[in-house]
Amino acid sequence: MSLPAPTPIYTLRGAGGAINTLHFSCADASPPLLYSGSGKGTVHVWNLTTRRAEKVLEGHSGNSVIWLNTLASRDALISQGRDKRVCMWDLSEGRSEVTESVWTGSVGFCHCSLLEINSGSWLLAHPGERMEEPDSGPGPLLLAGYEDGSLLLWDVSQRSVLSRVTTHPEPVMCLAFDPRRLQGISGSSDKNLWSWTLDGQQNLQVKDPVALINPGVSQLCVRGDCKILASAGWDHRVRVFGWKKLQPLAVLQHHSDMVLSVAFSDHQDPRSRLLAAGSKDRRISLWSICTEEPSY
């Protein structure tokens, strides 16, 4: 007898636009929160206990919000919009204020990336019109995907390219990287996910592709324990893989339009972990899957 098709444990509605990006904050405080950024320029802060939006933030003049993250506290939120700005929000004590913003000059879909370089100090990489002068000394490395289908590994401080490979025939739409295994994966509008590794000489090494049934991937996300990978498909589906060998584990079908974003929750209790998927159909589905760590 075949197993029943998986279904979401619940669905969040009311974002008012396509769900471009998702970010959880569940590890250190209660209630667990999910932040979503929409194509209408709003950020919703969802209480996952009540399953309702606690706050709705408007700071990007109606332009799409394409990336969200938090700093050390859930009350310090960063949002990136297609209004060419990255905004820093203060959400503490009932506030909903933009305290600082950075002009990027970029209206594209390239996401920011955030790195904690030491306690309380963060480095933000964002697309821009020009490059700043580098600091002296060794610095962090940055992986970036480009419109020509290539992946570049940058030494940020030296402003130099350490390695370059071309994987996709179309622009790189998304990528994810596991610093423990030094393994990454990228997606595009084609029918392949390309896996690659970073060797001891800081060279990118392309591995075999993972073939998809239907083309187009909007986002890729590796779970925090580096056991599971999720992909957001243009075919309205979320696909789940074992991260080590990229073995298919599940296909999640719920949405009526393109899936644009996926995110895993950061619950400390593995039994509480969730997968969220945001779609162009304006809904967010929440799934409880693979609570036991697979051997893939």
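Up top is the structure.
Residues numbered from 1 in each chain as written. Predicted model: local features only at pLDDT ≥ 70, side-chain atom pairs only at ≥ 80, totals over all residues. Heavy atoms only, no water.

A few words on the overall build of the chain. Scanning the chain from terminus to terminus reveals zero helices and 25 strands. Relative to the globule expectation of 19 Å for 296 residues, the C-alpha radius of gyration of the chain, 19 Å, shows essentially globular dimensions. The principal-axis extent of the C-alpha atoms belonging to the chain is close to 50 × 50 × 30 Å. Counting only residues that meet the buried cut, the chain has 48% of its 296 residues in that class. A fraction of 41% describes how many contacts in the chain between residues 6 or more apart in sequence connect residues 24 or more apart. If you sum the accessible surface of the chain, you get close to 14,700 Å²; carbon and sulfur atoms cover 48% of it. Charge centroids of the chain, computed over 28 positive and 30 negative side chains, lie 8 Å from each other. (Helix = DSSP H or I, 4+ residues; strand = E, 2+ residues; numbered from the N terminus. Rg over C-alpha atoms; globule rule 2.2 N^0.38 Å. Buried < 20%, exposed > 50% of the residue type's maximum accessible area, 1.4 Å probe, protein only. Contact = heavy atoms within 4.5 Å. Areas by Shrake-Rupley, 256 points an atom, 1.4 Å probe, with all protein chains shown as cover. Lys, Arg positive; Asp, Glu negative; His and termini not counted. Charge placed at Lys NZ, Arg CZ, Asp CG, Glu CD.)

In spatial order, the strands read β2-β3-β4-β5; together these four strands make up an open sheet with antiparallel pairing. Every other strand in the sheet has two partners, leaving β2 (19-25) and β5 (52-58) as the edge strands with one partner each. Recorded for the sheet is a direction-independent mean angle of 20° between the axes of neighbouring strands. As paired strands, β2 and strand β3 (residues 33-38) are joined by six bridges and run antiparallel to one another. Counterpart to Ile19 in the pairing with β3 is Ser38. (Pairing = 2+ DSSP bridges. Axes fitted to C-alpha atoms, helices over the stretch in contact; angles between N-to-C directions.)

When their charged atoms lie close together, side chains carrying opposite charge are able to pair. Taken as a whole, this structure holds 11 salt bridges when the rule is applied. The salt bridge involving Asp225 is made with Arg223; its shortest N-O contact spans 2.8 Å. A residue is classified by how much of its surface remains accessible, and Arg223, at 3% relative accessible area, is buried. Its salt-bridge partner being Asp281, residue Arg283 comes within 3.0 Å of it at the nearest N-O pair. Judged by its relative accessible area of 16%, Arg283 is buried. In this structure Asp281 comes out as buried when scored by relative accessible area, which is 15%. Each of Asp90, Glu93 and Arg95 takes part in a single network of salt bridges with overlapping partners. (Salt bridge = Lys/Arg side-chain N within 4 Å of Asp/Glu carboxyl O.)

Following the criterion strictly, the structure yields one aromatic pair and no others. Taking the centre distance of 6.1 Å and the plane angle of 10° together, the rings of Phe177 and Trp196 count as stacked. Pair noted here: Phe177 is in strand β15 (residues 174-178) and Trp196 is in strand β17 (residues 192-198), with a separation of 19 residues, a long-range link. By relative accessible area, which is 28% here, Phe177 ends up partly exposed. (Phe/Tyr/Trp six-rings, centres within 6.5 Å; stacked < 30°, edge-to-face > 60°.)

Attention shifts here to a nonpolar patch on the surface. Taken together, the side chains of Leu115, Ile117, Leu123 and Val156 define a hydrophobic patch exposed on the protein surface, amounting to about 290 Å² of accessible area. Structurally, the position occupied by Leu115 is in strand β10 (residues 113-118). (Patch = residues over 30% accessible without salt bridge, like charges linked within 9 Å, V, L, I, M, F, W, Y side chains within 5 Å.)

Looking now at the sheet that holds strand β1 (residues 10-12). The sheet built from four strands is open, its strands ordered β1-β25-β24-β23 with antiparallel pairing. Strand pairing shows two members of the sheet lacking a second neighbour, β1 and β23 (259-264), which therefore form its edges. Across the sheet, the axes of successive neighbouring strands diverge by a mean angle of 20°, strand direction being ignored. As judged from the four bridges shared by strand β24 (residues 275-279) and strand β25 (residues 284-287), these two strands associate in the antiparallel manner. Pairing of Gly278 across the sheet is with Ile284, part of β25.

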